[in-house]
Number of protein chains: 2
Amino acid sequence: MNLRQNAAPTSPGELLGLLRDGQARTRAELATETGLARSTVRLRLDALMHAGLVSGGNDAVTGGRPASRFVFNARARVVLAADVGATHATIAVTDLTGEPLTMERLALDIADGPDAVLGLLIDTWRRMRASHLPTVPIAGVGIGLPGPVAHSTGKPTHPPIMPGWNGYDVPARIAADFAVPVLVDNEVNLMALGEHVRCFPDEAHMVFVKVATGIGSGLISNGQLHRGDVGAAGDLGHILAPHGGDVRCRCGNSGCLEAVASGPAIAAKLHAAGLDATNNADVVALVQAGSPIAGQAVRQAGRDIGEVLATCVSLFNPSLIVVGGAIAEAGEMLLAGVRESIYRRSLPLATERLRIVTSRAGANAGVVGAASMVVQHVLSPSVLDRELA
Amino acid sequence: MNLRQNAAPTSPGELLGLLRDGQARTRAELATETGLARSTVRLRLDALMHAGLVSGGNDAVTGGRPASRFVFNARARVVLAADVGATHATIAVTDLTGEPLTMERLALDIADGPDAVLGLLIDTWRRMRASHLPTVPIAGVGIGLPGPVAHSTGKPTHPPIMPGWNGYDVPARIAADFAVPVLVDNEVNLMALGEHVRCFPDEAHMVFVKVATGIGSGLISNGQLHRGDVGAAGDLGHILAPHGGDVRCRCGNSGCLEAVASGPAIAAKLHAAGLDATNNADVVALVQAGSPIAGQAVRQAGRDIGEVLATCVSLFNPSLIVVGGAIAEAGEMLLAGVRESIYRRSLPLATERLRIVTSRAGANAGVVGAASMVVQHVLSPSVLDRELA
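Residues numbered from 1 in each chain as written. Chains lettered and ligands numbered in written order. Predicted model: local features only at pLDDT ≥ 70, side-chain atom pairs only at ≥ 80, totals over all residues. Heavy atoms only, no water.

*Asks:* In this structure, what is going on with the interface of chain A and chain B? I would like to understand it.
*Replies:* Interface size, as often reported, equals the accessible area lost upon joining of the parts. Contact with chain A, which involves 60 residues of that partner, is made by 60 residues of chain B. Inspection of the chain A/chain B interface yields 2 salt bridges. With a closest N to O distance of 2.8 Å, Asp229(A) and Arg353(B) form a salt bridge. The interface formed by chain A and chain B includes 29 residue pairs in polar contact (both at pLDDT 80 or more). At 6 residues, the largest contribution of residues to the side of chain A that touches chain B is made by helix 10 (residues 292-316) of chain A. (Contact = heavy atoms within 4.5 Å. Salt bridge = Lys/Arg side-chain N within 4 Å of Asp/Glu carboxyl O. Polar contact = N/O pair within 3.5 Å; in protein donor to acceptor, adjacent residues only side chain to side chain. Helix = DSSP H or I, 4+ residues; strand = E, 2+ residues; numbered from the N terminus.)

Following this line, the structure appears as structure tokens:
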């Protein structure tokens with residue numbers, strides 16, 4: 001039996017869900033594909049065209065009379081998206097596929113607090129809109145932040161590196177300037193979502209791992225972000241590394257993965273070995289220049305990360321692990337270590353179909369994920385049908 | 001903003017979803033609750049009553065004319081459910097809430113292979129139906145098995161303790177006798193589902209841990225079972241226990257959680273200490289009789305399990321961990337050890353709202369889960385609307 005049966009798309013929002021694949025279709029094709037009466041298809045399309053979300057035209061003249069084809073209009077609205085890190089933000093205006101129409105990378109300090117940082121985002125979006133698409137309506141705002149966020153309220157919850165942000169009502173601040181839905185999430189979750197939506201849409205169960213100044217992950221379960229009870233899911237950095245020993249971590253425990261395998265931990269080891277390394281970029285540069293000590297240190301970090309990911313593989317049984325973040329730019333050395341530990345510690349069944357790859361969405365994964373989070377929400381049938389009713 | 005908006009239930013299946021809470025409602029109440037026109041509510045109810053899934057009657061006489069009230073008829077069809085372990089099966093006929101109408105526990109040997117074991121299930125269901133509700137149609141069949149199962153096909157995949165079952169087409173065998181949907185899953189997944197549906201329906205993210213001859217878990221993510229890519233998710237037993245040392249495991253690795261904290265591992269420790277313990281029941285009996293050595297051994301097993309669950313808490317951020325299985329009957333000693341490790345190794349945010357409790361659904365969790373899996377499928381709007389169309 002086939003468990004993947006889907007209901008006929010009975011509402012305008014569900015019909016749009018079909019058209020969001022970007023293919024143009026005639027009314028007859030839509031009726032065949034959905035099982036709906038042609039009169040119903042006509043009504044649904046009228047509602048979507050009235051909202052500007054679907055365009056139609058006479059472009060298919062094949063012998064008989066021309067048949068109108070209808071297509072999703074991804075430029076009907078824009079999304080304001082930002083991926084905010086500790087020291088930089090990537091800020092974009094995107095279309096309704098999450099594709100950036102204009103994008104900038106700005107320096108900031110997250111410790112300046114929410115008023116300063118969100119003010120900078122708002123000013124940048126205003127400027128971007130003034131020069132690009134000033135008349136296109138805004139569908140919503142999506143923001144990624146470098147700490148745990150209660151997604152249902154958009155408030156950061158005890159973020160360790162974000163002084164002044166705990167419990168701050170981010171959506172309320174943004175809504176004062178833009179009266180549209182505002183969605184906020186942890187940036188690693190949004191990197192996972194960006195990779196999933198843009199590069200691996202068919203993977204129902206995947207893990208995205210960011211290896212940089214911190215170590216974190218985002219989980220996709222049954223095709224959806226798994227955020228956990230308070231938005232703290234995917235916190236790899238403070239799991240006990242099996243060979244973590246007594247290395248003290250900034251969290252107060254010892255032997256945490258972040259204390260032995262993060263960029264700063266690797267840089268500290270290289271510095272102790274007499275190499276000139278103080279940050280992530282130094283580590284990557286040394287590996288790329290062929291330093292055997294740096295290569296070995298990154299590979300060992302990969303092994304340590306792999307030991308913890310082996311547990312993640314046993315628990316979560318993903319089909320794909322994507323490794324990203326600044327240290328992933330060191331390339332195969334990190335991945336080789338990760339693979340070595342995972343294959344050694346996992347049962348054969350769980351790794352039978354497992355792929356372990358480096359990030360494909362790259363530096364834009366977070367901002368694309370922020371935009372995709374907004375698009376998923378505002379174009380979901382439940383929200384869109386309410387708007388069109 | 002409220003992200004929990006739901007669409008109006010536009011189909012008969014969606015209307016039934018509302019009535020499945022067991023509350024009786026008038027047409028007017030259903031129209032108010034759904035926003036549908038009363039004429040639409042009438043049409044939807046007619047379809048559901050025609051299928052026997054909703055009953056209506058004149059029981060609400062309050063001053064004016066009587067108003068018919070409508071209620072979900074959970075006895076409209078039955079589900080054939082079985083929770084099959086290595087040496088026993090719990091076999092039931094349930095109603096459409098998953099509640100057993102009749103139930104038996106039988107001895108069997110899973111190693112007798114699929115023909116013998118499934119034959120026993122089929123004979124038992126036939127006998128149960130002959131004496132209970134022989135004329136009520138069967139909605140579907142749900143089976144839990146003690147190994148990994150590819151849920152989409154219902155075939156076991158390399159199950160370690162089930163010789164002869166690898167790749168066996170369980171649904172095809174059952175469908176030869178009962179021409180209804182047949183769904184199969186790992187028994188620990190179904191115990192998790194049974195606990196979730198019956199005792200903790202509001203917990204979106206929960207972990208059920210079974211501690212018995214083996215150690216396994218079932219995960220609920222966003223209110224749904226997380227089965228993983230090949231149905232292998234939740235495999236706690238072969239994760240490296242942080243203090244597992246060099247203890248050899250039957251899987252070929254050493255230091256696995258199952259090798260240090262399962263029922264047989266505890267019994268072996270007690271036996272080596274001169275106590276008369278060879279199986280799970282002996283361990284529980286010794287703890288309940290007040291043996292300090294047995295109590296300490298179970299508490300240490302709880303600590304070892306808690307170390308691995310701490311990783312699960314960091315990754316998955318559940319709001320609830322439910323501990324079940326034969327060794328959980330030893331009571332608070334096991335739970336105390338589990339709590340000790342989890343609270344020591346986890347970040348405060350992830351344990352802020354975390355509850356750790358013993359199983360409430362008890363020995364019937366698996367068979368209730370098997371029935372619930374079938375009910376979720378056959379009463380889902382996508383499947384039901386197709387049937388009613």
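Right, picking up where we left off after that structure.
*Asks:* Which parts of the structure should I look at to understand the relation of the copies chain A and chain B?
*Replies:* Relating one copy of the chain to the other takes a rotation about an axis and a shift parallel to that axis. Between the two copies, chain A and chain B, the superposition gives an RMSD of 0.0 Å; the rotation angle is 180° and the shift along the axis is 0.0 Å. Put plainly, the chains are arranged around a two-fold axis. Residues of chain A ranked by C-alpha distance from the rotation axis are headed by Pro242(A), positioned 3.1 Å from it. In this assembly the copies share their binding face: 100% of the residues contributing to the interface of chain A also contribute to that of chain B. (Least-squares fit on C-alpha atoms with pLDDT ≥ 70 in both.)

*Asks:* I'm lost on the sheet that holds strand 4 (residues 78-84) of chain A in this one. Help?
*Replies:* In a beta sheet, neighbouring strands pair by backbone hydrogen bonds and run either parallel or antiparallel. Residues and elements named next belong to chain A. Strand order in the open sheet made by the 5 strands is 6-5-4-7-10, with mixed pairing throughout. Single-partner strands in this sheet number two, and they are strand 6 (100-107) and strand 10 (182-186). For this sheet the average axis-to-axis angle between neighbouring strands, irrespective of direction, equals 15°. Here strand 4 runs beside strand 7 (residues 138-145); their pairing, made up of 6 bridges, is parallel. Residue pairing across strands places Val-79 opposite Gly-140, the latter belonging to strand 7. The strands that helix 4 (residues 114-131) touches are strand 4, strand 5 (88-94), strand 6 and strand 7; relative to strand 5, the one it contacts most, it runs at about 35°. Its contacts with the sheet place helix 13 (residues 365-378) against strand 4, strand 5, strand 6, strand 7 and strand 10, and it is angled at close to 140° to strand 4. (Pairing = 2+ DSSP bridges. Axes fitted to C-alpha atoms, helices over the stretch in contact; angles between N-to-C directions.)

*Asks:* I'm lost on the side chain of Asp385(A) in this one. Help?
*Replies:* Residues and elements named next belong to chain A. In this fold, Asp-385 is placed in helix 14 (residues 381-388). There is no salt bridge for the buried Asp-385, and the closest opposite charge comes from Arg-44, which lies 7.3 Å off by N-O distance. In terms of polar contacts, Asp-385 uses its side chain to reach the side chain of Ser-11, at 2.5 Å. Discounting residues that sit within four places of it in the chain, Asp-385 has contacts with Ser-11, Pro-12 and Gly-13. (Buried < 20%, exposed > 50% of the residue type's maximum accessible area, 1.4 Å probe, protein only. Lys, Arg positive; Asp, Glu negative; His and termini not counted.)

*Asks:* Just to check I follow, could you spell out the environment of Asp123(A) for this structure?
*Replies:* Residues and elements named next belong to chain A. Relative to the helices and strands, Asp-123 resides in helix 4. Exposure remark for Asp-123: the relative accessible area of 52% places this residue in the exposed category. Between the alpha carbons of Asp-123 and Asp-177 there is a distance of 10.0 Å; along the sequence they are 54 residues apart.

*Asks:* Mind showing me how you'd approach the packing of helix 10 of chain A against helix 10 (residues 292-316) of chain B here?
*Replies:* In helix packing, the relevant descriptors are the interaxial angle and the interaxial distance, both defined with respect to the helix axes. Between helix 10 of chain A and helix 10 of chain B, the least distance of the axes is 11 Å, while the angle of their chain directions is 80°. The angle between the axes of helix 10 of chain A and helix 10 of chain B places the two elements in the roughly perpendicular class. Of helix 10 of chain B, the residues touching helix 10 of chain A (which contributes Thr311(A), Cys312(A), Leu315(A) and Phe316(A)) are Thr311(B), Cys312(B), Leu315(B) and Phe316(B). (Parallel < 35°, antiparallel > 145°, perpendicular 65-115°, else oblique.)

*Asks:* Which parts of the structure should I look at to understand helix 8 (residues 263-272) of chain A?
*Replies:* One full turn of an α-helix is made of 3.6 residues, so residues set three or four places apart face in the same direction. Burial in helix 8 of chain A covers these residues: Gly263(A), Ala265(A), Ile266(A), Ala267(A) and Leu270(A). At the exit of helix 8 of chain A stands Gly274(A), carrying a positive phi of roughly 90°.

*Asks:* In this structure, what is going on with the side chain of Glu187(B)? I would like to understand it.
*Replies:* Position of Glu187(B) relative to the elements: it lies in helix 6 (residues 187-198). Sequence-distant contacts of Glu187(B), defined by excluding residues within four places in its chain, comprise Asp83(B), Val84(B), Gly144(B), Leu145(B), Pro146(B) and Lys210(B).

*Asks:* Whenever I open this one, the domain arrangement of chain A confuses me. Can you help?
*Replies:* Under the domain assignment, chain A is made up of domain 1 (12-72), domain 2 (78-192 + 366-388) and domain 3 (201-359). Between the C-alpha centres of domain 1 of chain A and domain 3 of chain A there is a distance of 46 Å. (Domains from an automatic or database assignment.)

*Asks:* It is not clear to me how the sheet that holds strand 15 (residues 355-358) of chain B should be interpreted in this structure. Could you clarify?
*Replies:* Residues and elements named next belong to chain B. With mixed pairing, the 5 strands of this open sheet are ordered in space as 13-12-11-14-15. The open sheet has two edge strands with one neighbour each: strand 13 (224-226) and strand 15. Strand after strand, the sheet turns through a mean of 25° between neighbouring axes, direction not considered. As defined by bridge partners, strand 14 (residues 320-324) adjoins strand 15 across 4 bridges and the pair is classed as parallel. From the neighbouring strand, Val-323 faces strand 15, where its bridge partner is Thr-358. Against the sheet, helix 11 (residues 332-345) makes contact with strand 11 (206-211), strand 14 and strand 15, and its axis sits at roughly 165° relative to strand 15, the strand it touches most.

*Asks:* Looking at this structure, how should I read the nonpolar core?
*Replies:* Side chains that are nonpolar tend, in soluble globular proteins, to be buried together. Counting 84 residues, the largest nonpolar core has Ile321(A) and Ile321(B) as the members making the most contacts within it. Excluding residues within four positions of it along the chain, Ile321(A) makes contact with Val207(A), Val209(A), Leu309(A), Val313(A), Ile342(A), Leu354(A), Arg355(A), Ile356(A) and Val357(A). (Core = buried A, V, L, I, M, F, W, Y, C linked by side-chain atoms within 4.5 Å.)

*Asks:* Even after reading the chapter, I still don't get the pattern of salt bridges, so can you show me in this structure?
*Replies:* Pairing between side chains becomes possible if they bear opposite charge and their charged atoms approach one another. The final tally for this structure, using the stated rule, is 34 salt bridges over all chains. A cluster of three or more residues bridged by salt bridges with shared partners is formed by Asp21(A), Arg25(A) and Glu33(A).

*Asks:* How should helix 2 (residues 27-34) of chain B be read in this particular structure?
*Replies:* Residue and element names in this part refer to chain B. Those residues of helix 2 that sit buried are Leu-30, Ala-31 and Thr-34. Projected onto a plane normal to the axis of helix 2, the buried residues spread over an arc of 100° and lie on a single side. Its buried side turned inward, helix 2 meets helix 1 (12-19), strand 1 (25-26) and helix 3 (38-50). One or two residues past the end of helix 2 sits Gly-35, with phi positive at roughly 80°. (Arc of directions from axis to C-beta.)

*Asks:* I'm lost on the environment of Val298(A) in this one. Help?
*Replies:* All names here are of chain A. Here Val-298 is to be found in helix 10. For Val-298, a relative accessible area of 0% translates into the label buried. As for Val-298 and Ala-336, which are separated by 38 residues in sequence, their C-alpha atoms are 9.6 Å apart.

*Asks:* Looking at this model, I keep getting lost on the packing of aromatic side chains. Mind explaining?
*Replies:* Two aromatic rings are characterised by how far apart their centres lie and by the angle between their planes. Applying the stated criterion across every chain yields a total of 4 aromatic pairs over all chains. Arranged with centres 6.3 Å apart and planes meeting at 75°, the rings of Trp125(A) and Phe178(A) form a pair that is edge-to-face. Taken together, the residues span a long stretch of sequence, with Trp125(A) in helix 4 and Phe178(A) in the loop between helix 5 (170-175) and strand 10 at a distance of 53 residues. In terms of burial, Trp125(A) and Phe178(A) fall into one category: buried. For the ring pair Trp165(B) and Tyr168(B), a centre distance of 6.4 Å and an interplane angle of 65° mean the geometry is edge-to-face. For Trp165(B), a relative accessible area of 0% translates into the label buried. (Phe/Tyr/Trp six-rings, centres within 6.5 Å; stacked < 30°, edge-to-face > 60°.)

*Asks:* Help me out: how do you make sense of the pairing of strand 4 (residues 78-84) of chain B in this one?
*Replies:* Each regular strand displays side chains that alternate between the two surfaces of the sheet. Residues and elements named next belong to chain B. Taken across its 7 residues, strand 4 has 7 buried, putting it largely inside the fold. Here strand 4 shows no split at all, with Val-78, Leu-80, Ala-82 and Val-84 on one side and Val-79, Ala-81 and Asp-83 on the other all buried. With 6 bridges joining them, strand 4 and strand 5 (residues 88-94) adopt antiparallel strand pairing. What sits directly across from Leu-80, in strand 5, is Val-93. The antiparallel hairpin formed by strand 4 and strand 5 contains 3 residues in its connecting segment.

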